[in-house]
Amino acid sequence: MNTLERLTKTAEGASRSMSQIASLSALSVVSNQVGNSLLKAGGSILGVFTNLLGKVKDTGSEFESFRMTLKALYGDEEKAENAISKLLDFSIKSPFEVDEVKDMLIVLQSQSVDAFNEITGGITGARQETLSWIADLMAFKPDEATTRWKRALTNYIGSGEDRMLRNILDMGDIDQILGHDIGATVDERLNDIIEIVEKKNLQGLANNLSKTWQGVASNMSDAFTKIYKSVADNGVFDKLKSSFMSVSGAILTLDNDELEALGKTIADALNTIVEPITKVAEKANKFLQFIVNLCQNNPKLA
């Protein structure tokens, strides 16, 4: 084989090697991009599930406490569960958030008033649930804080104290709106509320408000709350709670000395991590101070 042939074969071999290297390089780049995409997708999916579990945990915890309140008010667990189911259905159709409807339900039930009992208005003959009459009244001032509505309605229905309700409605004295004295009993004062709604043409206002952008957004939020509650009630919340109780149990069984020792161990570990950072910060500070002094003493360098 002459020199030219050897050089030709060498060139061809080098060319094949370069092609292989290029192919491997391209494969590496593509694989890296695909890998990053998969990692990002995996992270996004994990983030969704983490957020979902957080929502389920919060919703399950809120309804766990609310269930206890209703059980005390109704005196029966089954009635309390039935009320929660009706409350969620009502919330999805009303312009108010679930938490706001919870407050309305508590106000009524604390006065032994059935929130879901249908009542016929004495003026218009319209028939709807007690909660709907209350919602129509509240829809007149939808931006008013629910806590104020809760206090105003509790005071009025419970004792006939009308000052806060009068201030919220800003329509004048309640007895003047009614055209008669404030009712003497809970039932009569509840009828007063219905009469105000009828006389001021507020009946159906909550339904109209639920069709606005804000109302639809509220309905969507309430629908998701119902979904989260369903997930929580189907075993997920109990498992999360069980895990939490196991961890908290391990901590709560420690006596004061053991808690102090645990705190010291954690502090020692953190100090080990923080100490090098502190030293670097000190050196950086000295260097910056040197630069500042240099510029102050030599203005031309600034």
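Quick caveat: nothing in here was measured; it's all calculated off a predicted structure. (Residues numbered from 1 in each chain as written. Predicted model: local features only at pLDDT ≥ 70, side-chain atom pairs only at ≥ 80, totals over all residues. Heavy atoms only, no water.)

A. Here's a closer look at the overall build of the protein. Check the secondary structure of the protein and you find 11 helices and two strands. Counting from the amino terminus, the protein carries its helices and strands in the arrangement α-α-α-β-β-α-α-α-α-α-α-α-α. Looking at the protein residue by residue over its 302 residues, the buried ones come to 28%. Within the protein, residue pairs in contact and separated by at least 24 positions form 60% of the contacts whose partners lie at least 6 positions apart. (Helix = DSSP H or I, 4+ residues; strand = E, 2+ residues; numbered from the N terminus. Buried < 20%, exposed > 50% of the residue type's maximum accessible area, 1.4 Å probe, protein only. Contact = heavy atoms within 4.5 Å.)

B. Summary view of the environment of Glu77. Relative to the helices and strands, Glu77 is located in helix α2 (residues 77-93). Glu77 sits in the partly exposed class, given a relative accessible area of 46%. As a C-alpha pair, Glu77 and Arg67 span 10 residues in sequence and 8.1 Å in three-dimensional space.

C. The arrangement of the packing of aromatic side chains in detail. Tallied over the entire structure, the rule returns two aromatic pairs. Here Phe63 and Phe66 contribute two aromatic rings whose centre-to-centre distance is 6.2 Å and whose plane-to-plane angle is 80°, an arrangement assigned as edge-to-face. Here Phe63 and its partner Phe66 are both found in helix α1 (residues 3-74), three residues apart, which amounts to about one turn of the helix. Pairing Phe224 with Tyr228 gives two aromatic rings, centres 6.2 Å apart and planes at 35°, and the pair type is tilted. Taken together, the positions of Phe224 and Tyr228, both in helix α10 (residues 213-252) and four residues apart, correspond to about one turn of that helix. Residue classification places Phe224 among the partly exposed residues on the basis of a relative accessible area of 40%. (Phe/Tyr/Trp six-rings, centres within 6.5 Å; stacked < 30°, edge-to-face > 60°.)

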